[in-house]
Amino acid sequence: MSDIFLLIALPYTALIVMLVGSVYVYGTQAYKVTSLSTQFLESRDLFFGGLFMHWGIVALFFGHLIAFLFPASVIAWNGNPVRLIILEAAALIFGISFFVGVVILIFRRLRNKRLHRATTDMDIAVFVVLLTQAVTGIWIALTYRWGSAWFASVLTPYIRSLFLMNPDLAAVSAMPLIIKIHISTAFLLIGMIPFSRFMHFLVFPVKYFWRPFQVVIWNRDRKLMRNSTAVTPEVKSRNN
Amino acid sequence: MDIRSQIAMVFHLDKCIGCHTCSIACKNIWTDRKGAEYMWWNNVETKPGTGYPNKWEDQSVYKGGWAKSDDELRLKGMDRKSTMANIFHNPYMPVMDDYYEPWTYDYANLFEAPAGDDQPTARPISLVTGEPIDIKTGPNWDDDLGGSPDYARQDVNMHDLTPAEKEAMFQLERMTMFYLPRICNHCLNAACVAACPSGAIYKRGEDGIVLINQNKCRSWRMCVSACPYKKSYYNWNNGKSEKCLLCYPRLESGQAPACMHTCVGRIRYLGVLLYDADRIKEIATCEEKDLVAKQMEIYLDPFDENVRQAARENGVAESTLDSARKSPVWKFVKEWGIALPLHPEYRTLPNLFYVPPLLPAIADTSTGSYETTSASLWGGIESSRVPMQYMANLFTAGDTEKIREVLKKLMAVRIHRRGVTVGDLHEDECKQAFAETGLTADVADAIFRLTSLPKFGERFVIPAAHREEATELLENTADIKGNTGFGTLNTPQRI
Ligand code: HEM
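Residues numbered from 1 in each chain as written. Chains lettered and ligands numbered in written order. Predicted model: local features only at pLDDT ≥ 70, side-chain atom pairs only at ≥ 80, totals over all residues. Heavy atoms only, no water.

### Overview of the overall build of chain A
When helices and strands are counted, chain A shows nine helices and one strand. Across chain A, helices and strands are ordered from the amino to the carboxyl terminus as α-α-α-α-α-α-α-α-α-β. Rg of the C-alpha trace for chain A: 24 Å, well past the compact-globule value of 18 Å for 240 residues, more than 25% over. When the backbone C-alpha atoms are referred to their principal axes, chain A occupies close to 85 × 50 × 40 Å. Taking contacts inside chain A between residues at least 6 apart in sequence as the whole, the part at least 24 apart equals 76%. Of the roughly 13,400 Å² of accessible surface on chain A, 74% is carried by carbon and sulfur atoms. Each charge class in chain A can be summarised by its mean position, and for the 21 positive and 9 negative side chains these summaries are 9 Å apart. (Helix = DSSP H or I, 4+ residues; strand = E, 2+ residues; numbered from the N terminus. Rg over C-alpha atoms; globule rule 2.2 N^0.38 Å. Contact = heavy atoms within 4.5 Å. Areas by Shrake-Rupley, 256 points an atom, 1.4 Å probe, with all protein chains shown as cover. Lys, Arg positive; Asp, Glu negative; His and termini not counted. Charge placed at Lys NZ, Arg CZ, Asp CG, Glu CD.)

### Points about the environment of Ala412 of chain B
Residue and element names in this part refer to chain B. By the secondary structure assignment, Ala412 is in helix α18 (residues 400-421). Judged by relative accessible area, Ala412 falls into the buried class, the value being 0%. The spacing of Ala412 and Phe434 is 22 residues in sequence and 6.4 Å in space, taken between C-alpha atoms. If we ignore the near neighbours within four places in the chain, the residues touching Ala412 are Trp378, Ala433, Phe434, Thr437 and Leu439. (Buried < 20%, exposed > 50% of the residue type's maximum accessible area, 1.4 Å probe, protein only.)

### Some words on the pattern of salt bridges
Residues and elements named next belong to chain B. Applying the stated criterion to the full structure yields 33 salt bridges over all chains. A salt bridge links Lys68 to Glu287; the nearest nitrogen and oxygen atoms lie 3.8 Å apart. Remark: Glu287 occurs in the loop between α11 (280-284) and α12 (291-298) and Lys68 occurs in strand β3 (residues 66-69); sequence separation between them is 219 residues. A residue is classified by how much of its surface remains accessible, and Lys68, at 25% relative accessible area, is partly exposed. For Glu287, a relative accessible area of 43% puts it in the partly exposed group. Residue Glu167 is joined to Arg153 by a salt bridge in which the shortest nitrogen-to-oxygen separation is 3.5 Å. On the criterion of sequence distance, the pair formed by Glu167 in helix α6 (residues 163-168) and Arg153 in the loop between β6 (124-126) and α6 is long-range, its members being 14 residues apart. (Salt bridge = Lys/Arg side-chain N within 4 Å of Asp/Glu carboxyl O.)

### Digging into the site of the ligand
The immediate surroundings of the ligand are formed by 23 residues, with Ser37, Thr38, His54, Arg109 and His200 of chain A found nearest. At the site occupied by the ligand, nearby residues are drawn from chains A and B. In the environment of the ligand, an oxygen atom lies 2.5 Å from a nitrogen or oxygen atom belonging to the side chain of Ser37 of chain A. Taking His54 of chain A, its side chain carries an N or O atom lying 2.7 Å from a nitrogen atom of the ligand. (Near = heavy atom within 4 Å. Polar contact = N/O pair within 3.5 Å; in protein donor to acceptor, adjacent residues only side chain to side chain.)

### Looking at the coordination of the iron atom of the ligand
All names here are of chain A. Ligation of the iron atom of the ligand by protein atoms is provided by His54 (NE2) and His200 (NE2), these donors lying 1.9 to 2.0 Å from the ion. Because the angles between the six donor atoms bound to the iron atom of the ligand fall within 84 to 179°, the donor set is best described as octahedral. With His54 in helix α2 (residues 44-69) and His200 in helix α9 (residues 199-202), the pair connects residues that are 146 residues apart, well separated along the chain. In terms of burial, His54 and His200 fall into one category: buried. (Donors = N, O, S within 2.8 Å, 3.2 Å for Na, K, Ca; no water. Tetrahedral: all angles 85-135°; square planar, octahedral: opposite > 155°, others 65-115°.)

### Points about a nonpolar patch on the surface
All names here are of chain A. Taken together, Phe61, Phe62, Leu65, Ile66, Leu69 and Phe70 make up a surface patch of nonpolar side chains, about 580 Å² in accessible area. Residue placement: Phe70 occurs in the loop between α2 and α3 (71-78). Under the relative-accessibility criterion, Phe70 is labelled partly exposed at 45%. (Patch = residues over 30% accessible without salt bridge, like charges linked within 9 Å, V, L, I, M, F, W, Y side chains within 5 Å.)

### Re the environment of Ser148 of chain A
Residues and elements named next belong to chain A. Secondary-structure assignment places Ser148 in helix α7 (residues 147-163). By relative accessible area, Ser148 is classed as buried at 14%. The spacing of Ser148 and Lys180 is 32 residues in sequence and 16 Å in space, taken between C-alpha atoms. Once residues within four sequence positions are removed from consideration, Ser148 is found in contact with Val74, Asn78, Leu84, Leu87 and Glu88. Among the polar contacts made by the side chain of Ser148, one reaches the side chain of Asn78 at a distance of 3.0 Å.

### Re the sheet that holds strand β15 (residues 352-355) of chain B
Consider a sheet: its strands pair through backbone hydrogen bonds, and that pairing is either parallel or antiparallel. Residue and element names in this part refer to chain B. Read across the sheet, five strands follow the order β13-β12-β1-β15-β14 without closing on themselves; strand pairing throughout is mixed. Since the sheet does not close on itself, it has two edges, and those belong to β13 (299-300) and β14 (340-341), each with one partner. Sheet topology note: the strand β1 (residues 3-12)/strand β12 (residues 268-276) ladder contains nine bridges and is antiparallel. Bridging across to β12, Ile7 finds its partner in Val272. (Pairing = 2+ DSSP bridges.)

### Some thoughts on the packing of aromatic side chains
Tallied over the full model, the rule gives 27 aromatic pairs over all chains. Summarising the aromatic geometry, the rings of Tyr52 of chain B and Tyr99 of chain B are spaced 5.5 Å apart at their centres and angled 75° between planes, so their arrangement reads as edge-to-face. In this pair, Tyr52 of chain B sits in the loop between β2 (43-47) and α2 (59-62) while Tyr99 of chain B sits in helix α4 (residues 96-99), placing the two residues 47 residues apart along the sequence. Accessibility classification places Tyr52 of chain B together with Tyr99 of chain B in one group, the buried group. An angle of 80° between the planes, with centres 5.8 Å apart, marks the rings of Tyr299 of chain B and Phe353 of chain B as edge-to-face. Of the two residues, Tyr299 of chain B is situated in strand β13 and Phe353 of chain B in strand β15; the sequence distance between them amounts to 54 residues. When its relative accessible area of 1% is taken as the criterion, Tyr299 of chain B is described as buried. Sitting above the plane of the Trp77 of chain A ring, Arg83 of chain A keeps its charged end 4.9 Å from the centroid. Cation over ring: Lys240 of chain B sits above Tyr31 of chain A, and NZ or CZ is 4.6 Å from the ring centre. (Phe/Tyr/Trp six-rings, centres within 6.5 Å; stacked < 30°, edge-to-face > 60°. Lys NZ or Arg CZ within 6 Å of the ring centre and 35° of its normal.)

As structure tokens, then:
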């Protein structure tokens, strides 16, 4: 029963909330979409915490994504034990980086009085979720070897079955509790996106790579506007 | 040619009395909110001094503005790639302590304290943490040279001064200072606009005001470090950057910006300049020594019929062209050439110009009394208490000749007016002053009038925003009228 809740109901709810919610928030309350930077209030600890946490999570995110999308390649890569160790070690290092980063950020928030004023209940929830995810992730990596090997046979089918609208718990339900917690916290995180600063990674500013440096906005596009003199030659509109 | 109109400003530093009324007017309207308490979109600094935020001019720390490498212009701090690589932590961003921690006082205690032996006090309370604080610094802690060893002596503009010149600036009997009021420069080549990863900062085409779209700002906080003038501020409460918006709601309804309207010394002027947007890049990339002269070239003569025609074709309103002809900024900056940009070496092409101060520079105490007559014509300027190099570092990217030229013109106006009103100067002296500066009696009188006796309408020539035609800004009324009727943008086609 709890499996059905944690591994089916929660994932679907989270995905729907995330999709509908973030489109809704982006469309109607774009003002709320920000990374809510706190560097202005405290910069030094953020350097360490922010960097460890972000590079860790970004690498892990793509790691999980690759494992899900190309399970065969990962298995093939792991065919050689040296390469398996390298992959697992890299994943663990990013996991530890993420964990250390989150811990630094939590202590930073606790220690700095100014930051108390900029910390909301949602921030606390965010850190609880991230810390849970970091701890369970590292725990799994250390105790259930080798994640990169069994991911393909256990999690890939499960996640695929979710997307195919035909949830299949056969493999995952046999997994230890800790892995189930890790999975459901991940979906919790996804469900929190529209309500928290998590929105910030959905709006990663890719456009900056190619947009022109200067931005000029006209109330009315002079180049595109039709020339009213064509219709009424003697009358020229006075604005602009 | 791509002629556009820009609202530009002149601040006449000889007239600034350092009263901070401008700052208060601005604060009361715009930044009296949680998260914005520390912001002073308008602030007044004492020079020499380190300003606000502390040492903002030190671009070796904050990396604001542009740098020229070979023939290319790049943001001094971070290019596009390193902006992304540093997006989790901006290495050049000033923090609250570089500005100051804002505070209020516990006034309630004055009324509510229980009866006791001592007078109750109102302790300073941090507006961030809400707890009592020891005030260490404020936005104008260096006012009037207060705390000079910590502030004035740390001034960033003293490079290239001889040790003797530097020392002289701090001798008790030679010491001097002037005020430098600052707002956003609404630059032509704004670094904040270029640095914003989300593209939330933009320049308004019609009047050149630079604004931050609060719905697009994602708190990547790159504008804060990129602006070399540190005029983009981060609101720590709502996670948005904010900046001076030149009181555009006031401008659009024909009123002067609050800081300018309230200016007690009446030092501020505002008006239109026409410029050629096609030349921005070329001019921002020129050699440092040419920057001021080149920037002057970008502004075009509103009396020239060709310029006006090109502007019209580009969509500049006729009323704006009229304002451009009456613009006091045009007069100070181009016609008379006595107003200079602040730190042109940042290469942002700022649109706020300063008439540099002549200062009580002439006085000399070597005879034992306070002697204010100068022996020779330009003696006052040559023996100025503020080294020319210092002024040049502020206003001409280090070119002392240029700053001397401007000060001589200002001096010539004084000599001329003294000849007219007091009549104790030899006629030759006035003639020589004019000959050397290229001024004439008429021009000198015009400068004098606009400096000393301008009416409100002469200081602020605000082009109409044509709010009455606001619909036309959104839809082409002539088309709409004959198509779908007003108030709808749908085309009248059946599907
Ligand atoms: C590549 C995409 C991402 C970018 C560009 C990004 C950028 C940022 C930025 C600029 C901040 C503000 C830092 C500051 O205080 O100045 C921030 C904070 C934060 N980000 Fe990200 N982020 C990304 C992905 C993520 C992901 C995937 C997560 C977690 C799931 C995450 C979690 C957080 C958290 C928890 C904070 C708050 C840190 C704190 O203030 O203590 N970010 N991010």
